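# Breakdown of the fold
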Amino acid sequence: ASVKVTEISKLISSKKAGGSAHASVAKVRGKKKYIFELTICVHWEITLGNGQTCKGKMTFFDVDGTHQIGDGYDVLDYSMEAKSDFPADAKHLLDRFVRDGGLRTEVEKKLDGWIDIFRETY
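Residues numbered from 1 in each chain as written. Predicted model: local features only at pLDDT ≥ 70, side-chain atom pairs only at ≥ 80, totals over all residues. Heavy atoms only, no water.

### Considering the pattern of salt bridges
Tallied over the entire structure, the rule returns six salt bridges. A salt bridge links Arg 99 to Asp 100; its shortest N-O distance comes to 2.8 Å. Relative accessible area serves as the criterion here: at 28%, Arg 99 is assigned to the partly exposed category. The salt bridge partner of Glu 106 is Lys 109, with a shortest N-O separation of 3.3 Å. (Salt bridge = Lys/Arg side-chain N within 4 Å of Asp/Glu carboxyl O. Buried < 20%, exposed > 50% of the residue type's maximum accessible area, 1.4 Å probe, protein only.)

### Here we look at helix α1 (residues 91-99)
Among all positions in α1, only Leu 94, Asp 95 and Val 98 are buried. What you see down the axis of α1 is that its buried residues fit within an arc of 105 degrees, all on one side. What points out from α1, more than 90 degrees from its buried face, is the exposed set His 92 and Arg 96. (Helix = DSSP H or I, 4+ residues; strand = E, 2+ residues; numbered from the N terminus. Arc of directions from axis to C-beta.)

### Points about the pairing of strand β2 (residues 22-28)
Pairing of β2 with strand β3 (residues 31-47) involves seven bridges; the strand directions are antiparallel. If you follow Ala 26 over to β3, its bridge partner there is Lys 33. (Pairing = 2+ DSSP bridges.)

### A short note on the state of the cysteines
In total, this model carries zero disulfides according to the counting rule given. Take Cys 41: it sits in no disulfide, and the sulfur closest to it among the cysteines is that of Cys 54, at 14 Å. A relative accessible area of 1% places Cys 41 in the buried class. (Disulfide = S-S within 2.5 Å.)

### Regarding the environment of Lys 109
Position of Lys 109 among the secondary structure elements: in helix α2 (residues 103-121). By relative accessible area, Lys 109 is classed as exposed at 51%. Put simply, Lys 109 and Ile 46 are 63 residues apart on the chain and 20 Å apart in space, counted from C-alpha to C-alpha.

### Observations concerning the packing of aromatic side chains
All chains considered together, the criterion is met by seven aromatic pairs. For the pair Phe 36 and Phe 118, a centre-to-centre distance of 5.6 Å together with 85 degrees between the ring planes defines the contact as edge-to-face. Of this pair, Phe 36 sits in strand β3 while Phe 118 sits in helix α2; the two residues are 82 residues apart in sequence, bridging distant segments of the chain. With a relative accessible area of 2%, Phe 36 lands in the buried category. Measuring from ring centre to ring centre gives 6.5 Å for Phe 60 and Tyr 73, while their planes differ by 85 degrees; the resulting arrangement is edge-to-face. Placement of Phe 60 in strand β4 (residues 53-64) and of Tyr 73 in the loop between β4 and β5 (74-82) is noted, with a sequence separation of 13 residues between them. By relative accessible area, which is 0% here, Phe 60 ends up buried. Taking relative accessible area as the criterion, Tyr 73 reaches 5% and is therefore assigned buried. Through pairs of rings, three or more aromatic residues link up here, namely Tyr 34, Phe 36, Trp 114, Phe 118 and Tyr 122. (Phe/Tyr/Trp six-rings, centres within 6.5 Å; stacked < 30°, edge-to-face > 60°.)

Structure, rendered in structure tokens:
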């Protein structure tokens, strides 16, 4: 099976007040504070060995400046859509390799990488 990200959406403020995502740096008592807050929705598609596909999304809420690199992120909105002939026993594979590891792990590494770049750059 192979999985790919097809779209990134909902790059919005976690306050969900219609605001946009933000990132800034402030100096407080001579120390830099990295301030950012956003929610990211990752749309994905997986193709099984037999050629059948399934699509879905997972949303990472509250990616913010309090996050410790390597701690993982909260995924509170995970969904998938499959055609009626999609094997029912494949759901546990999707949970294992998309929601609980695999794709999720790779997305979390990329988010951590962005945080590192943000801190190094500013």
